[in-house]
Amino acid sequence: MARRLTPWRWAVLGLAALYFLVPLAASVVFTVDDPDGISFDAYTRILSTGGFVSSLLLSLELAVATIVVVLLLMVPAVVALRLGAPRLRPVVEVVCSLPLVVPPIAFVAGIVTVLKWGPDHLSRTPLFQTFVAIQNPGFPVVLVLAYVVMALPFVYRALDAGLRAIDVRTLVEAARSCGASWPQALVRAVLPNLRGALLNAAFLTLALVLGEFTVAQLLGYQPFAVWIYNAGSDQAQMSVAVSVLSLLVTWALLLALAGAGGGRNRTAPSRG
């Protein structure tokens, strides 16, 4: 691969590396700079600040739930769209792209309006308890629902690109001719060939959930992004240290997810 890189491409890669790494390095230097020398006090204070572990775990739980829900929703939808209703594809594209054009403030205002229906109109019905349950601060399901909507554009594009690279109709027909049901054909024939697309969709959703701030803040919850803002609002050095730590945590999770997917690809059983 290195032989195929021309000097021009090396220059572009070098400029890109400088663009990303120089601000990060400057931020790290700022966090450890001390009149007496190098000090990691800003990072130790983060770990001792209350809410660090609980907010990070909450964000991870929200991310896992969002990934599961959005994939369960979108994978059958895009496969059915390609097999049975290709004419509806423009409609689905427009619907899945709407979260990109709706401002988060307006999105949160709509969520709050819907949540107010519980006390105002459903207080004497069993459905009222559902409105209460999805707003549980321990695990706010309402955030999962909001993140699923926000992740639709990225997940749809990732899955659509993956389906374009394979012959879905032939795979499904072959599985059906072997006696598989429609769910079995989807799980055993289509999903193994969409592993890369599923991994990309999980990447994008994880990054979205870990970095989302506006919806969670306005709804009154404290996942990791909101905790970062609250913890670093008083001290500049600690604020930058929290941002650097958040970036490193996100990178570590993405690399772990990539390693898990790559490990499954390399450990495919050999035959013969």
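The model shown is predicted, which means the values in this text are computed figures rather than measured ones. (Residues numbered from 1 in each chain as written. Predicted model: local features only at pLDDT ≥ 70, side-chain atom pairs only at ≥ 80, totals over all residues. Heavy atoms only, no water.)

## A word on the confidence of the model for the chain
In low-pLDDT segments, the atomic positions of the prediction should not be examined closely.
Next, step 1: When pLDDT is averaged along the chain, the result is 83, and 92% of the positions lie at 70 or above.
Next, step 2: Long-range and interchain partners of residues 267-272, a stretch whose pLDDT sits below 50, account for 0 contacts in this model, where long-range means more than four residues apart. (pLDDT = per-residue confidence, 0-100. Contact = heavy atoms within 4.5 Å.)

## Quick notes on the nonpolar core
Next, step 1: Counting 56 residues, the largest nonpolar core has L71, M74, L143, V155, L159 and V168 as its most contacted members.
Next, step 2: Every element with two or more residues in this core is listed here: α3 (52-84), α5 (104-115), α8 (141-164), α9 (168-177), α10 (182-190), α11 (195-211) and α12 (214-219).
Next, step 3: For this core, the element with the highest residue contribution is α8, accounting for 14 residues.
Next, step 4: Discounting residues that sit within four places of it in the chain, L159 has contacts with M74, V75, V78, A197 and L198.
Next, step 5: If you look at the next biggest cluster of nonpolar residues, it comprises 17 residues, including V32, Y43, A231 and V244. (Core = buried A, V, L, I, M, F, W, Y, C linked by side-chain atoms within 4.5 Å. Buried < 20%, exposed > 50% of the residue type's maximum accessible area, 1.4 Å probe, protein only. Helix = DSSP H or I, 4+ residues; strand = E, 2+ residues; numbered from the N terminus.)

## Let's talk about α5
Next, step 1: In this model, α5 (12 residues) spans 16 Å end to end at C-alpha, consistent with the 16 Å of a helix rising 1.5 Å per residue.
Next, step 2: Within the sequence span of α5, burial applies to V108, I111 and L115. Around the axis of α5, the buried residues are gathered within 60° of arc, so they sit on the same side. (Expected span 1.5 Å × (residues − 1). Arc of directions from axis to C-beta.)

## A few points about a nonpolar patch on the surface
Next, step 1: Judged by side-chain polarity, V94, L98, L100, V101, V102, F154 and L204 come together as a nonpolar surface patch covering roughly 610 Å² of accessible area.
Next, step 2: It is helix α4 (residues 89-101) that contributes the most residues to the nonpolar patch, 4 residues altogether.
Next, step 3: Considering the arrangement of structural elements, one finds F154 in helix α8.
Next, step 4: Under the relative-accessibility criterion, F154 is labelled partly exposed at 33%. (Patch = residues over 30% accessible without salt bridge, like charges linked within 9 Å, V, L, I, M, F, W, Y side chains within 5 Å. Areas by Shrake-Rupley, 256 points an atom, 1.4 Å probe, with all protein chains shown as cover. Salt bridge = Lys/Arg side-chain N within 4 Å of Asp/Glu carboxyl O.)

## Quick look at the packing of α5 against α8
Next, step 1: Packing of α5 against α8 brings their axes to within 12 Å, and their N-to-C directions diverge by 140°. Here α8 runs oblique to α5, going by the angle between their axes. Remark: the crossing between α5 and α8 carries right-handed chirality. Seen from α5, the contacting residues are F107, I111 and L115; seen from α8, they are V142, A146, V149 and M150. (Axes fitted to C-alpha atoms, helices over the stretch in contact; angles between N-to-C directions. Parallel < 35°, antiparallel > 145°, perpendicular 65-115°, else oblique. Left-handed = near helix turned anticlockwise from the far one by under 90°.)

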